[in-house]
Amino acid sequence: MTTAWEEFYAKTPKPSNLDENEKLLNQFIAFHAKENTKVVLVTSGGTTVPLEHNTVRFVDNFSAGSRGSISAENFLQRHYAVIFMYRVKSLEPFSRHFVGSRLLDMLELTTTNDTPSVSVTPQYVNKISDILKKYKDSLNQNMLLSISFTTLSEYLWLLRSACQALTVLENRAMLYLAAAVSDFYIPSNEMATHKIPSDEPPSVHLKLVPKVLEPLVKLWVPKAFVISFKLETDESILISKARGALRKYSHSLVIANMLQNRREQVVIVSKDNQETLSLTSKQLQNGEEIEKYIVDYLVEKHKDWLDTKL
Ligand code: PAZ
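Structural notes, computed from the coordinates. Computed from a prediction, not measured in an experiment: that's the story for all the values here.

1. A short note on the nonpolar core
The nonpolar side chains of soluble globular proteins are, as a tendency, buried together. Grouped together as the largest cluster of nonpolar side chains are 87 residues, with contacts concentrated most on Phe 75, Ile 83, Leu 166, Leu 175, Tyr 176, Leu 216 and Leu 298. In terms of residues, this core owes the most to one element, helix α6 (residues 152-166), which gives ten residues. Non-local contacts of Leu 166, meaning those with residues more than four positions away in its chain, are made with Ile 29, Val 39, Leu 41, Ile 83, Ala 173, Leu 175 and Val 221.

2. Notes on the site of the ligand
Surrounding the ligand, one finds 16 residues, the nearest of these being Ser 63, Gly 65, Arg 67, Ala 178 and Asn 257. At 2.6 Å from an oxygen atom of the ligand is found a side-chain nitrogen or oxygen belonging to Ser 63. Gly 65 places a polar main-chain atom, nitrogen or oxygen, 2.8 Å from an oxygen atom of the ligand. Considering each element in turn, the shell around the ligand owes the most residues, three residues, to strand β11 (residues 225-232). Of the residues in the shell around the ligand, the class split is eight nonpolar, four polar and four charged.

3. Description of the environment of Glu 73
Structurally, Glu 73 can be placed in helix α3 (residues 66-77). By relative accessible area, Glu 73 is classed as buried at 13%. Along the chain, Glu 73 and Ser 138 lie 65 residues apart, while their C-alpha atoms are 9.5 Å from each other. Each residue touching Glu 73, except ones within four places of it in the same chain, is listed here: Pro 93, Phe 94, Arg 96 and His 97.

4. Re the packing of aromatic side chains
According to the stated counting rule, one finds 13 aromatic pairs in the structure shown. With a centroid separation of 5.0 Å and 85° between ring planes, the pair formed by Tyr 176 and Phe 229 is classed as edge-to-face. Taken as a pair, Tyr 176 in strand β8 (residues 173-177) and Phe 229 in strand β11 lie far apart in primary sequence, 53 residues in all. By the ring-pair criterion, three or more aromatic residues cluster together here, those being Trp 5, Phe 8, Tyr 9, Trp 157, Tyr 185 and Trp 220. For Arg 160, the ring lying beneath its charged end belongs to Tyr 9, and the centroid distance is 4.0 Å.

5. Comments concerning the packing of helix α1 (residues 4-11) against α6
Contact pair α1 / α6: the axes reach a minimum separation of 11 Å and the direction vectors enclose 110°. Our classification of the angle between α1 and α6 gives roughly perpendicular. In this structure, α1 uses Trp 5, Phe 8 and Tyr 9 to contact α6, whose residues at the interface are Ser 153, Leu 156, Trp 157 and Arg 160. Across the contact of α1 with α6, the residue classes break down as five nonpolar, one polar and one charged.

6. A word on the pattern of salt bridges
This model, assessed by the stated rule, comprises 18 salt bridges. Here Lys 134 and Asp 130 are joined by a salt bridge, their closest N and O atoms 3.6 Å apart. Placement of the pair is Lys 134 and Asp 130 together in helix α5 (residues 125-140), with a separation of four residues, close to one helical turn. Taking the shortest distance from any N to any O, the salt bridge between Asp 137 and Lys 133 comes out at 2.6 Å. Separated by four residues within a single helix, Asp 137 and Lys 133 lie in helix α5, roughly one turn from each other. Assessed through its relative accessible area of 25%, Asp 137 is described here as partly exposed. It is possible to trace a salt-bridge network through shared partners that takes in Arg 78, Lys 292, Asp 296, Glu 300 and Lys 303.

7. A closer look at helix α7 (residues 213-220)
Among all positions of α7, only Leu 213, Pro 215, Leu 216, Val 217 and Trp 220 are buried. In this structure, the buried residues of α7 make contact with α1, α6, β8, β11 and α8 (235-249).

8. Overview of unusual backbone geometry
Here Asn 36, not a glycine, exhibits a phi torsion of approximately 65°, which is positive. Of note, Asn 36 is situated in the loop between α2 (18-35) and β1 (39-44). The class for Asn 36 is exposed, based on a relative accessible area of 55%.

What counts as what
- Each chain has its residues counted from 1, following the order in which its sequence is written.
- Residues qualify for local features only when their pLDDT is at least 70, as the model is predicted, and side-chain atom pairs are given and counted only at 80 or more; totals for whole chains, interfaces and linings, by contrast, use all residues.
- Hydrogen atoms and water are omitted, and side-chain values are computed over all heavy atoms in the structure.
- Remark: nonpolar core denotes a set of buried residues (Ala, Val, Leu, Ile, Met, Phe, Trp, Tyr, Cys) joined through side-chain atoms within 4.5 Å.
- We call a residue buried when its accessible area falls under 20% of the maximum for its residue type, exposed when it is over 50%, and partly exposed in between, using a 1.4 Å probe and counting protein chains only.
- Secondary structure elements are taken from DSSP: a helix is a run of H or I of four residues or more, a strand is a run of E of two residues or more, and numbering for both begins at the N terminus.
- We call two residues contacting when some pair of their heavy atoms lies within 4.5 Å.
- By convention in this text, a residue qualifies as near a molecule or strand provided that one of its non-hydrogen atoms is within 4 Å of it.
- Counting of polar contacts relies on pairs of N or O atoms within 3.5 Å, with two restrictions inside protein: one atom must be capable of donating a hydrogen and the other of accepting it, and residues adjacent in sequence are counted only when both atoms are side-chain atoms.
- Three classes are used, and their members are as follows: Ala, Val, Leu, Ile, Met, Phe, Trp, Tyr, Cys and Pro are nonpolar, Asp, Glu, Lys and Arg are charged, and the others, Gly among them, are polar.
- To pair, rings of Phe, Tyr and Trp, with the six-membered ring standing in for Trp, must have centres within 6.5 Å; the planes then decide the type, stacked if under 30 degrees apart, edge-to-face if over 60, and tilted in the middle.
- A ring is considered to have a charge above it if a Lys NZ or an Arg CZ atom is located within 6 Å of its centre and within 35 degrees of its normal.
- Here, axes are lines fitted to C-alpha atoms. For helices the fit covers the stretch in contact, and angles between N-to-C directions go from 0 to 180 degrees.
- Roughly parallel here means an angle under 35 degrees, roughly antiparallel means over 145, roughly perpendicular means 65 to 115, and every remaining angle is called oblique.
- For this analysis, a salt bridge means a side-chain nitrogen from Lys or Arg found within 4 Å of a carboxyl oxygen belonging to Asp or Glu.

In structure tokens, the structure reads:
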């Protein structure tokens, strides 16, 4: 019998740039297989579900990409090579520090004899050069590969390809699945071709997205250290949902977070334990980010787990 996820891939056309992305993934992973580096796949940002093939409208999933982009920087800091799989226009490592008009606010314009010149305001030179150095180093040392998606189907195709490419690294691969992935979608063969007319209320029939964590853990990267995320708005069901996911998919850890306080608290749930990581209001005021503590925790857990595989 065909499973829901097999049916999804059989019926959903693959993205036109998938072959190119697979090439980049294979080159990056082959390099790190030789170097013996640990590699983490960080997924980040929300997926869209188009309502029309010629898309004017879509349903979007909430996520700015903060969790993923901050975590990616912290994994690099801990010497992991990072595959950053992100939603187009969501936050990216390093450039996230300069979004909106922040970069412009750090620059000065002077004009001498009608000739304009631009420089960094002295108080920001250290900050910019520090971030720029880390960014350039991560590219020059081939430690960061960024690949992007927008729609749910692009995400699911890319995720499978990334997982399959990571198999060669066996236990050295970590998956950090922070993207906010749609639970509902319209199958390609049921989607309107053109813009849905607005002369009467449309009837939109959404189907459940197949839970790909199951084949991911069992078939695509069975030896990897896999961490999924669980986002809820009702605290009373958060931990039971996280435990339910662990029971169902038997992966390594679930990071449970509430929409309302996700920047300051997460609970890391394992089969027989749960640990709360939180920031004090003073730490928050000082600009500390919880992702540093999450990544430190995971790096240690990955190390302990690798030791059990020797
Ligand atoms: O990207 P962001 O920092 O705004 O939000 C991060 C998050 C809440 C999307 C992430 O921590 C998360 O829980 N991702 C999984 C969401 C889900 O349960 O589908």
